[in-house]
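Below, each chain spelled out in residue letters.
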Amino acid sequence: MDCKDKNCGLKAALSSLLAGLVFGLGLIAAGMTDPMKVRAFLDLAGAWDPSLALVMGAAIAVGLPAALIARRRGRSWSGAPIEWPQSNAIDARLIGGGVLFGIGWGLAGLCPGPALVALGSGWGEAAIFVAAMLGGMALHALLDRPR
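Residues numbered from 1 in each chain as written. Predicted model: local features only at pLDDT ≥ 70, side-chain atom pairs only at ≥ 80, totals over all residues. Heavy atoms only, no water.

I tried to follow helix α4 (residues 92-108) on my own but got confused; where do I start?
Each turn of an α-helix holds 3.6 residues, which means side chains three or four residues apart point in the same direction. Compared with an ideal rise of 1.5 Å per residue, which puts 17 residues at 24 Å, α4 spans 24 Å between its outermost C-alpha atoms and is within 8% of the ideal. Once α4 ends, the next one or two residues include Gly109, with phi positive near 75°. (Helix = DSSP H or I, 4+ residues; strand = E, 2+ residues; numbered from the N terminus. Expected span 1.5 Å × (residues − 1).)

Sorry if this is basic, but what is going on with the pattern of salt bridges here?
Working definition: two side chains of opposite charge can pair if their charged atoms are close together. Applying the stated criterion across every chain, the model contains 2 salt bridges. Ionic pairing is found between Lys37 and Asp49, a salt bridge with its closest N-O pair at 3.2 Å. Residue Lys37 is found in helix α2 (residues 35-42), and its partner Asp49 is found in the loop between α2 and α3 (51-73); the two are separated by 12 residues along the sequence. Using a relative accessible area of 21% as the deciding quantity, one classes Asp49 as partly exposed. The residue Arg93 makes a salt bridge to Asp144 at a minimum N-O spacing of 2.9 Å. One end of the pair, Arg93, is in helix α4; the other, Asp144, is in the segment after α6 (126-143), with 51 residues separating them in the sequence. Judged by its relative accessible area of 57%, Arg93 falls in the exposed class. On the basis of relative accessible area, Asp144 is assigned to the partly exposed category, the value being 33%. (Salt bridge = Lys/Arg side-chain N within 4 Å of Asp/Glu carboxyl O. Buried < 20%, exposed > 50% of the residue type's maximum accessible area, 1.4 Å probe, protein only.)

Help me understand the packing of α2 against α3 in this model?
Helix packing for two helices is described by the angle between their axes and how far apart those axes are. Remark: α2 packs on α3, axes separated minimally by 8 Å, with the N-to-C direction vectors making an angle of 95°. The angle between α2 and α3 falls in the class roughly perpendicular. Between α2, through Lys37, Val38 and Phe41, and α3, the contact on the second element is made entirely by Ser51, Leu52, Ala53 and Met56. For the contact of α2 with α3, the per-class residue count stands at 5 nonpolar, 1 polar and 1 charged. (Axes fitted to C-alpha atoms, helices over the stretch in contact; angles between N-to-C directions. Parallel < 35°, antiparallel > 145°, perpendicular 65-115°, else oblique. Contact = heavy atoms within 4.5 Å. Nonpolar A, V, L, I, M, F, W, Y, C, P; charged D, E, K, R; others polar.)

Here you go:
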């Protein structure tokens, strides 16, 4: 890690811990760890619950200015350089991944972040989702290796 001071590793660990705690508590407070709330949000033709749209809007309102500031600074709070994605191509892999993510989110009512929070908060059924997610990640790593 390319940091400017000797406490970079500790700062990175503490800021990661704090960010993870705030994010996890926010997911719980917003109901994103409740699959039924997520399914109600996705049920546009039925008993639609728009509250998660407000959560997503608030996340964008907070995240966009933070990302712009981070891009200008070029370094994280810990002093480590920020590596931004180099590609902005919209291709079949990106679209296919988005479709698979959406199908999984709709079927399970969970996505990776809320699933890990749900598992960490003691909801045992989240373990099935997390195991399947890790299996999918391993399969992707196996199939997507450079030839």
